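The chain contents come next:
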Amino acid sequence: MSLSRRDFLAASAVTLGAFAGHPFRLLAQAAQQPVFTPVRRNVGTFTMRGGTVGWLVNPRGVAVVDTQFPAEARALLAGLQERSRNRGVDVLLNTHHHGDHTGGNGVFRGVARRVVAHGMADQHMRRGPRPPQPSQPPQQPQQPPLEPPRSQEPPVEALYPDTTFTHSWSTEVGDERIVARHHGRGHTSGDAVITFERANVVHMGDLAFHRRHPVVDRAAGASMRNWARQLQQVVNSHTRDTIYIFGHAREGLPVTGNSAELLQFRDYLQAVLAFVERHVAAGRSRDEILAMRAPLPGFEAWGPFGQPGARDPISVAYEEVTTGA
Ligand SMILES: [Zn+2]
């Protein structure tokens, strides 16, 4: 007797916890191991679950960009302490307020000497003990949705920024200079682009999704049109050699890349807007347009769009196109 693959997967899902040695369980665990990856000149990435973390550990200081969730932040902090011989963290920067980037901030209480974010990110963070998650996370075949917090996670007291900025903010950490810049509305209204100048590495936060449909938080002030514009500004203000850290990547793709990937994502955002504009001009109804879920012509590698929802690119593009804002 053999189970169909679907039955087998369903049975596996139900009994997953009961079989510690089960290959699917191993696979699930493997996907959530903490991974520290050096990028260049004392700067690296940390991946586990949630938005990609950036870090700097040099002989004179430690900096961290974003914190994922509490359990992940503990693994992050342990790895940073090991690499820096327990020197603490000079500065924690948040790229924006979303829970998969700031949920672990509280783990850095008493460890991070400063917490820095854009003023709007700070406001969004303080709206609740845990930033709201999308009621309908994007359902994207062949790639997991952006992870919500685990419900069984022990709560950790939120840690908010003590330093905010409007246009830019900078500091020296050892022999590295870190600059945070805000280019206006994008993924939210409070995004920061964090440049490690001497390493020439830039953390984009969720202004960069590598070949996957982005979350667009219009309720928190997102603008796809300005997002596309600012990707060009970011590329213009760095060099050909700059390495960019992406907030999220399609499963199996790297979380770092160069300006070609950023400009490709800019093209994607503009293509979604142009696609919706064309259908609005052709007199299609809101429901007809929102129902269009096939891959975007020219961007088939992104796969079909997920379900319509408040933070889905087609829905937000429709709002932008029809309201002009
Ligand atoms: Zn985000």
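Going along each chain's sequence as written, the residues are numbered from 1 onward. Residue-level local features of this predicted model are given only where pLDDT is at least 70; pairs of side-chain atoms are given and counted only at 80 or more, and the full residue set underlies all totals for whole chains, interfaces and linings. To get the side-chain values, take all heavy atoms of the structure and skip hydrogens and water.

## Re the pattern of salt bridges
Put simply, a salt bridge is a Lys or Arg side-chain nitrogen that is within 4 Å of an Asp or Glu carboxyl oxygen. Inspection of the entire model under this criterion finds 16 salt bridges. With a shortest N-O distance of 3.9 Å, glutamate 157 and arginine 109 are connected by a salt bridge. Taken as a pair, glutamate 157 in the loop between helix 5 (119–126) and strand 7 (163–165) and arginine 109 in the loop between helix 4 (99–102) and strand 6 (115–118) lie far apart in primary sequence, 48 residues in all. Judged by relative accessible area, which is 39%, arginine 109 ranks as partly exposed. For glutamate 197, the salt bridge goes to arginine 177, with nearest N and O atoms at 3.1 Å. Remark: arginine 177 occurs in strand 9 (residues 176–181) and glutamate 197 occurs in the loop between strand 10 (193–196) and strand 11 (201–203); sequence separation between them is 20 residues. Through salt bridges with shared partners, a single network forms among Glu172, Arg177, Arg181, Glu197 and Arg198. Strands are runs of DSSP state E lasting at least 2 residues, helices are runs of H or I lasting at least 4, and numbering of each runs from the N terminus. Only protein chains enter the accessibility calculation, which uses a 1.4 Å probe; a residue is then buried when its area is under 20% of its type maximum, exposed when over 50%, and partly exposed in between.

## Side note on the sheet that holds strand 6
Should DSSP find at least two bridges between two strands, the strands are taken to pair. Read from one edge to the other, the open sheet built from seven strands follows the order 1-2-3-4-5-6-7, with strand pairing classed as mixed. For this open sheet the edge positions go to strand 1 (35–40) and strand 7, each flanked by a neighbour on one side alone. For this sheet the average axis-to-axis angle between neighbouring strands, irrespective of direction, equals 25 degrees. It only takes one pair of heavy atoms within 4.5 Å for two residues to be counted as in contact. To get an axis, fit a line to the C-alpha atoms, keeping to the stretch in contact for a helix; angles then go from 0 to 180 degrees between the N-to-C directions. Packing against the sheet, helix 5 makes contact with strand 6 and strand 7, and its axis sits at approximately 105 degrees to strand 6.

## Structural notes on the packing of aromatic side chains
Two rings from Phe, Tyr or Trp (for Trp, the six-membered ring) form a pair when their centres sit within 6.5 Å of each other. Planes less than 30 degrees apart are called stacked, planes more than 60 degrees apart edge-to-face, and all others tilted. Under the definition given, this model contains eight aromatic pairs. Seen from their ring centres, tryptophan 227 and phenylalanine 265 are 5.5 Å apart, and the 75 degrees between their planes marks the pair as edge-to-face. Of the two residues, tryptophan 227 sits in helix 6 (residues 224–236) while phenylalanine 265 sits in helix 7 (residues 259–281), which places them 38 residues apart along the sequence. Tryptophan 227 gets classed as buried once you look at its relative accessible area, which sits at 0%. What makes phenylalanine 265 buried here is its relative accessible area of 1%.

## What about the coordination of the zinc ion?
Coordinating donors are taken as N, O and S atoms within 2.8 Å of the metal, stretched to 3.2 Å for Na, K and Ca; because water is absent from the atoms, sites can appear incomplete. In the first shell of the zinc ion, the protein supplies His96 (NE2), His98 (ND1), His187 (NE2) and Asp206 (OD), at 2.2 Å from the metal. Angles of 88 to 168 degrees at the metal separate the four donor atoms of the zinc ion, which places the site in the irregular class. For the zinc ion, all donor residues lie on one chain, and their spacing in sequence is H-x1-H-x88-H-x18-D. Taken together, the residues span a long stretch of sequence, with histidine 98 in the loop between strand 5 (91–93) and helix 4 and aspartate 206 in the loop between strand 11 and strand 12 (209–210) at a distance of 108 residues. Geometry assignment treats four donors as tetrahedral when all angles are between 85 and 135 degrees, treats four as square planar and six as octahedral when opposite donors are over 155 degrees apart and all others between 65 and 115, and treats everything else as irregular.

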